[in-house]
Structures are given as C-alpha cells and as structure tokens.
Amino acid sequence: MSQHLIVGAYAAYSPHADSGEPTILHALASRPIVGGLELPQVDHVVAHPSWRPGWDHVITAIPGTMGRIATDPAFGLASPHSAGRHAALDFAAQARQDIAALREQGHRVQAVEFHSGPSNTADADAMAASMATISGWDWGEDLVFLLEHCDATTPDHQGEKAFLQFEEELALVDAAADPRWRIGINWGRSALEGRNASLPLSHIQAASDAGLLGAVFFSGASGTDSDFGVWLDRHLPPAGLPFSPPGTLLGAQEISAALDAAGDDVILGLKFGLRPDSLPADERAARLGAIIDLFAALLPDRV
C-alpha cells in the first residue's frame, strides 16, 4: 500500500517574527511524498493558504498541553485532579470543533494526538475516563485517536514530560472499547526516555505486535551537547546530513529498523527542528527537503 509522510513542519519554523512558514509550506507542497502536516494545537488550529489541496492532516495537542501544564501543573487528560482533567477535556473539545471547521473548509484530518499529562502525577484510571469521554463525542467522519507516548520518568532520570509509562498507555489502548484508539510513537521521545536507540524500536515493536500501533513519528535525540542541548525533546535532525547535530541517535539504520517493525498500516511522520535560530527561511526549507529525501530513499516500496 502506498505510504506518504506527515510532516511536523512547525518544528522547523524560526522562533523569530519571520517564521519562514509560507516558504517552508510552499516547498513541502511541491513534494508528492508529503501527504499532510502535523498541525500544532496551541489554541485554535486554522487553515493556511499554502496548504496543498488533498493533504490529510494530523493534529497534535502536545504544544498546547505543555503550555497549559507550565501554568497549571494539574492540567492533563490523565490528571487525578478533577479541575485539571476537565480543563484538558475542554481543550480536547476545542480540537473537535477545529476539525469540524477545517472539514467545512474542505480540509481533511485523519488523526488527532492526545497525551497522558500532567507531568509526574498522571493517573491511568483518569486517562481511561478521559478516553471514554472523548470517544463519546460526535467527531463527524472517521478518524484515529492517537495516544502518543512521551518520555516517562525512569529509575535513572526524571522525564522531561514525565507522563504515563508506555506499558500503561498500551494497556489503556488495549482496554478501550473504542477501536479508534491507537498508540503513537515518537522515535526521539522514546530515545530520550531510554537514553539509547533501542527503546524506540522496542516500543514500536511492542505496539505493532499487539496490533495497536497507529503512528510512528521520527525525530532525533542526543546526549552530546550542541545547539539543541543535551537530552532534550528538540526534534534533532537525523545523522548523515551536512547539518546533523553531533551524537544524534537516529540514522538510516534506525529509520529502516523502525519502518520494518511498524509495518504498512500506520501513519508515518517526521518532525525535525533546525538550528541556529537565525537560519533563513529558504535554508530551512532546503534542509527540511534534504531530510525528506533521506526518508524517501528508505521508502522505495511505499511511495
């Protein structure tokens, strides 16, 4: 079956006022392998004039979730505190409204990524209740609910996001009465949790073997100091490119192994940040294009 890539282009934008968004989106629209965008939900998700007709997007709640946790540590779909959990459900309901508005404008959304926050206090029973509530809403056309794993705390270190353990999330999806719930794996976040390249593959394989894998998004991680910091969730570019950061764990071998473990019937995406912040828009677009070319060369049977 043909497979396209969902691109989290927002991670490649400049943090300055001139983000480079139109230039980057225009470049992505010229590439047939790009099947849609991973769209960040901060407040409202709105259409951009540079989107290519026919794209089928994925919405991620992680930027807005982390922003709200920064001001309200009890915020999250897995919050043991009623007020924090219901605030997160209100945020999820906003995603539902945004998806309906995008569809009315002729845009397609195939999946939405939810997360088991808050940090450090996430509760599996609370997350199960939130999942059941979300399943009970009218979402219109079919779509996939992705419970995207973020790095959890381990015996060796505190997690950056510190949400539920992968095994807890897998069990939640397995127990869900609604088959629209699937597991999403971000390669870089699992590498950040494990401090190695083996845990992402283990997570992908486990979810795939259980028949619960819905998506794999690729980003990198590194324990070597660079413009991206050390062991931070900053979506490091993969190895093997002129601008690859030192020590990045994600290379062609790791990508191929992950693709083999994932199988064909999953959403595939990539999300990579670029440094320095002063990088101009055309260079950002060129570097993101080079990353896409690397993936395209590893997907000869899928595109």
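Please refer to the structure placed before this passage.
Sequence order sets the numbering: in each chain, residues are counted from 1 along the sequence as written. Restriction of local features to residues with pLDDT of at least 70 applies here, the model being predicted, together with a cutoff of 80 or more for giving and counting side-chain atom pairs; totals for whole chains, interfaces and linings are based on all residues. Only hydrogens and water are set aside; all other atoms, that is, all heavy atoms of the structure, feed into the side-chain values.

1. So, the overall build of the protein chain
Argument step 1. In this text, helices come from DSSP runs of H or I with a minimum length of four residues, and strands from runs of E with a minimum of two, each type numbered from the N-terminal end. Along its length, the protein chain carries nine helices and eight strands.
Argument step 2. Using C-alpha atoms as the atom set, the radius of gyration is obtained and then compared with a globule rule of 2.2 Å times the number of residues to the power 0.38. Against the compact-globule benchmark of 19 Å for 303 residues, the protein chain has a radius of gyration of 18 Å, which places it among compact chains.
Argument step 3. In the protein chain, which comprises 303 residues, the share counted as buried stands at 53%.
Argument step 4. Throughout, a contact is declared for two residues whenever any of their heavy atoms are within 4.5 Å. Summarising the internal contacts of the protein chain: among those between residues at least 6 apart in sequence, 72% fall at separations of at least 24.
Argument step 5. Only the protein chains shown count as cover for residues, and all accessible areas are computed by the Shrake-Rupley method using a 1.4 Å probe. For the protein chain, the exposed area adds up to about 12000 Å²; of that, 51% sits on carbon and sulfur atoms.
Argument step 6. Positive residues here are Lys and Arg, negative ones are Asp and Glu, while His and the chain termini are left out of the count. Here the site of a charge means atom NZ of a Lys, CZ of an Arg, CG of an Asp or CD of a Glu. For the protein chain, the distance from the average position of its 18 positive side-chain charges to the average position of its 38 negative side-chain charges is 4 Å. Burial classes: relative accessible area under 20% of the type maximum marks a residue as buried, over 50% as exposed, and values in between as partly exposed (1.4 Å probe, protein chains only).

2. Some points on the pattern of salt bridges
Two side chains of opposite charge can pair, provided their charged atoms sit close to one another.
Argument step 1. Here, a salt bridge means any Lys or Arg side-chain nitrogen found within 4 Å of an Asp or Glu carboxyl oxygen. Enumeration over the complete set of coordinates arrives at nine salt bridges.
Argument step 2. Close ionic contact of arginine 68 with aspartate 43 constitutes a salt bridge, the shortest N to O distance being 3.1 Å. You can see arginine 68 sitting in helix 2 (residues 62-71) and its partner aspartate 43 sitting in the loop between strand 2 (34-40) and strand 3 (56-60), a full 25 residues away along the chain.
Argument step 3. Note that lysine 161 and aspartate 233 form a salt bridge whose closest N and O atoms lie 2.5 Å from each other. Separated by 72 residues along the polypeptide, lysine 161 in the loop between strand 5 (144-149) and helix 5 (166-175) and aspartate 233 in the loop between strand 7 (213-218) and helix 8 (252-262) bring together distant segments of the chain. Like aspartate 233, lysine 161 is buried.
Argument step 4. What you see here is one network of salt bridges that share partners, running through Glu148, Lys161, Arg189 and Asp233.

3. Some remarks on the sheet that holds strand 4 (residues 108-114)
Argument step 1. Spatially, eight strands are ordered 1-2-3-4-5-6-7-8 in a closed barrel, and the strand pairing comes out parallel. Averaged over all adjacent pairs, the angle separating strand axes in this sheet is 30°, with direction ignored.
Argument step 2. A pair of strands is labelled paired if DSSP reports no fewer than 2 bridges between them. Where strand 7 meets strand 8 (residues 267-270), four bridges bridge the pair, whose relative direction is parallel. Within strand 8, the position partnered with valine 216 by the bridge is leucine 268. Here, axes are lines fitted to C-alpha atoms. For helices the fit covers the stretch in contact, and angles between N-to-C directions go from 0 to 180 degrees.

4. Some words on the pairing of strand 7
Argument step 1. The element strand 7 is extensively covered by neighbouring structure, given that six of its six residues are classed as buried.
Argument step 2. Sheet topology note: the strand 6 (residues 181-186)/strand 7 ladder contains four bridges and is parallel. Its bridge partner being in strand 7, glycine 184 is matched across the sheet by alanine 215.
Argument step 3. Handedness of a crossover: with both strands directed away from the viewer, a clockwise path from the first strand across the helix to the second marks it as right-handed. Viewed along the sheet, the connection from strand 7 through helix 8 into strand 8 turns out right-handed.

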